[in-house]
Amino acid sequence: MKFKILLYIIILIIEIINCQIINNGYGYGLVNENYKCLSYIGDPNNQQLCSNKLIDNQVIYSIINKTNQIQSLKLVEQTFKQLTFLQGKCSNLNFAQFGICDIYFPSCVESSFGISLPKRLCKSVCNKMVSDCPALGASLNCSDSNKFPTIGTLYNLTNYGYTDNSGFYEVQCSDPTNYYQNSLPPNNQFIEICPTPLLLRNQSDSKFKPDKGYTYLSPTNCVLSCPQPFFKHYKWKQMYNMSKVLSTISFVCSIYNIITFGLLSKIKSKYNLCITFFSISTVLMSLMDIVTYGIGYEELLCPEPGRYAVQSDAACGVTGAFFHIGITTGVLWWTTMSICLYSEVKRFKMISFRYIILFNSVVSLILLIIPLSGQAFMSGTGSLGCWIRKTWFVNGAFWIPCGIALFIGAICIVLVIYEIFKISRNLSKDNNTLLFQIRPFLCVLLVGGSFLYLFIFYFNNERNLDKYKASIPNYVQCLLTSNVNGEDCLTDGPDFGAYFTFYFFTRFFGITFFCIYGTSKIARDIWFESAYNHPFFHPYIVKCLTLLGISKHFSSYSSGSNPKNFNRNGSNFNMKQNKPKNIINPIDSISKSVFEVSTKHNSQNTNETKENSSGGGGNIGSGGGDIASTENTSIDNGSGENGGGENGSGDNSIENSTSSKDSNTNSF
């Protein structure tokens, strides 16, 4: 009995010693009869994977129907995507891809017993992969000898009649190092795979250079989609629809203002010209959107997948030039209007208006030529149109010069409002005259305020650019883990409300000017007179007025006459024509306010003069009876002679003084 126990102990010791010897450098594997040595299923049609990275793609350890290979292809593709964004952090990622292909598609050995067995990747190869790229250490446990043996893997084939080596069949580990070193391009090139919606482009190719409209996620060859995913697709659609509607309405309103104040109005005052030229600028701005949505927003702004439009794309270059010269001239003419208002209030003479037109035109053209010469017009990764996207060009050709212009205009407007309040406070306690400030104040508030918002938004966006760029890795990580092709992933960017408002204001200028000036009484009078004097419409208008019992002798501001005098007797409605001397353009509310306040002051002085004047000095209007000077209008024909003055000298004196005071106002 004691002998048997001793014998068992000796045998156990021998088995333990044998196991330690066998386990030194080896791992153990399980036999699966469902797997055979089959050929590699091949790479997908549109993506290169392991075809050129396997030692022998004709003998792959695979299940008979190869469904395991299909699943392995998906895992390899996902791993390659992650390796793509480890460039710059790891060395020799190409070798890592050889190792990964060997892990998911192991080489196969056919035993003499008809059993297929896999070759596991050598531990030395695993250690090299991790040393070259430490990030792989999180998924590769090189110390696991069953997965990464030093020498080989042992399979227990005792049940299949194998008796050597205690029934353990040895399969050498796989080492693709020699195959990797002896491979020639393109077999030994690193394979980049970009997660959807990113696209792969070769930036070393001249066709795919960044200046062609591609935004690369350095150091990869992956490019951002166009438009950049700041927002969900439906929010981009909302902005597209807003742009379509507002730009179309703004275009129509601006054309109306151009026809009204530029073509139909016969008074070419400075203010009418300012309105006309500003409306022309809004037409050019609207044309950008009209052409863009005519072609299609995504078709024009993103002519190719992953590429945004640049100046060399004809449609982008043209629409960008339209918008830039439009918004630049708009700023200059808004500033010109502000200066004109201030000149009317302070009664100083401006330079000839033709020089102002020439100056604004030349400056606008220079500010257009500068970015054109630098190929600075492009749509960018997220926008509603082509414009200047290079920082130095947009600052030098728009924000700085136009910022100066807007600052000058704002100062003029503040001074105008101050002068109005000062005059009103000094001459009258009646604040009704201040109501005339509402129209220009709205113009300043809406137009000037819109430009101010554009400034604030742009420079705040520039200030946060580094923050937006720093969020790209999080966006990429989201794409790598997304199960819906990245539809749930967004990059950091401007707030949607702020972004929407930015583009809203740039498309609302034409509507703003129409609401303020196109709906004014003078605009309606211009259209009515044009129709009244037109040979086609005139008979019909006269017939209608006759049926209404109205007799009308029409002459309005647009033909150069002064405001109408209305005398109504029963059913007769007469409009007397006076000399075009004291015309106040009703559009110019501030000038009108100043003029009416000044008129009250002049009337008081005139009454004092009348009381002190003698018969020989000329009683004004003695031939006609009533004194018309309190309205600052000329005397009706036949009633403007002096009682005792020679050649009507008394009337001439007042007429001359009134004319000199109103010379600036008439031009405005």
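The structure presented is a predicted model; accordingly, all values stated were derived computationally and were not measured.

How should I be thinking about a nonpolar patch on the surface in this particular structure?
Residues Ile351, Tyr355, Leu358, Val362, Ile366 and Ile370 make up a contiguous nonpolar surface patch of roughly 580 Å² in combined accessible area. Inspection of the secondary structure assignment puts tyrosine 355 in helix H10 (residues 353–373).

Where do I start with the state of the cysteines in this structure?
Any covalent bond linking the sulfur atoms of two cysteines counts as a disulfide. In this structure the tally under the stated criterion is 9 disulfides. The disulfide that involves cysteine 122 links it to cysteine 173, with 1.9 Å between the sulfurs. Looking down the S-S bond of the cysteine 122 and cysteine 173 bridge, the torsion is 85°, so its handedness is right-handed. Taken together, the positions of cysteine 122 in the loop between strand E5 (116–118) and helix H4 (123–132) and cysteine 173 in the loop between strand E7 (168–172) and helix H5 (177–182) put the pair 51 residues apart, joining distant regions of the chain. Cysteine 173 shares its class with cysteine 122; the two are buried. Here cysteine 126 connects covalently by a disulfide to cysteine 142, the sulfurs 1.9 Å from one another. Disulfide cysteine 126 to cysteine 142: torsion about the S-S bond roughly -75°, handedness left-handed. Here the residue cysteine 126 occupies a position in helix H4, and cysteine 142 occupies one in the loop between H4 and strand E6 (152–156), the gap between them amounting to 16 residues. The thiol sulfur of cysteine 515 is not disulfide-bonded, and the nearest other cysteine sulfur, from cysteine 253, lies at 6.6 Å. Given the relative accessible area of 46%, cysteine 515 is considered partly exposed.

I tried to follow the confidence of the model for the protein chain on my own but got confused; where do I start?
Fine structural detail should not be taken from predicted coordinates in areas where pLDDT scores are low. Here the protein chain shows a mean pLDDT of 78. Residues at 70 or above account for 75%. Every residue in residues 607–668 scores below 50 in pLDDT, and together they form 84 contacts with partners more than four places removed in sequence or on other chains.

What is the right way to look at the sheet that holds E7 in this model?
Two pairing modes exist for strands in a sheet, parallel and antiparallel, and in both the strands are linked by backbone hydrogen bonds. Pairing within the open sheet is mixed, and its 3 strands lie in the order E1-E6-E7. Taken across any chain shown, the strands that pair with only one partner, and hence form the sheet edges, are strand E1 (26–29) and E7. Taking the axes of each pair of neighbouring strands and ignoring which way they run, one obtains an average angle of 35° across the sheet. Note: E6 against E7, 5 bridges, orientation antiparallel. Counted as the bridge partner of tyrosine 155 is tyrosine 169 from E7.

I'm lost on helix H9 (residues 314–346) in this one. Help?
Residues separated by three or four positions in an α-helix point in the same direction, a consequence of the helix having 3.6 residues per turn. End to end, H9 covers 48 Å across 33 residues, agreeing with the expected 48 Å (1.5 Å per residue, within 8%). The element H9 is largely enclosed, with a buried count of 27 among its 33 residues. Where H9 terminates, the next one or two residues include arginine 347, which has phi positive at roughly 60°.

Mind showing me how you'd approach the pattern of salt bridges here?
Applying the stated rule across the entire model yields 6 salt bridges. Note that lysine 128 is salt-bridged to aspartate 132, the shortest N-O span being 3.4 Å. Of the two residues, lysine 128 and aspartate 132 are both situated in helix H4; the distance of 4 residues between them amounts to about one turn of the helix. The exposure class of lysine 128 is partly exposed, given its relative accessible area of 33%. Assessed through its relative accessible area of 16%, aspartate 132 is described here as buried. Put simply, arginine 307 and aspartate 313 hold a salt bridge, and the shortest N to O gap is 3.1 Å. Accessibility expressed as a relative area gives 9% for arginine 307, which makes it buried. Salt bridges linked by common partners bring Glu304, Arg307 and Asp313 together as one network.

About the thresholds
Residues numbered from 1 in each chain as written. Predicted model: local features only at pLDDT ≥ 70, side-chain atom pairs only at ≥ 80, totals over all residues. Heavy atoms only, no water. Patch = residues over 30% accessible without salt bridge, like charges linked within 9 Å, V, L, I, M, F, W, Y side chains within 5 Å. Areas by Shrake-Rupley, 256 points an atom, 1.4 Å probe, with all protein chains shown as cover. Salt bridge = Lys/Arg side-chain N within 4 Å of Asp/Glu carboxyl O. Helix = DSSP H or I, 4+ residues; strand = E, 2+ residues; numbered from the N terminus. Disulfide = S-S within 2.5 Å. Buried < 20%, exposed > 50% of the residue type's maximum accessible area, 1.4 Å probe, protein only. pLDDT = per-residue confidence, 0-100. Contact = heavy atoms within 4.5 Å. Pairing = 2+ DSSP bridges. Axes fitted to C-alpha atoms, helices over the stretch in contact; angles between N-to-C directions. Expected span 1.5 Å × (residues − 1).

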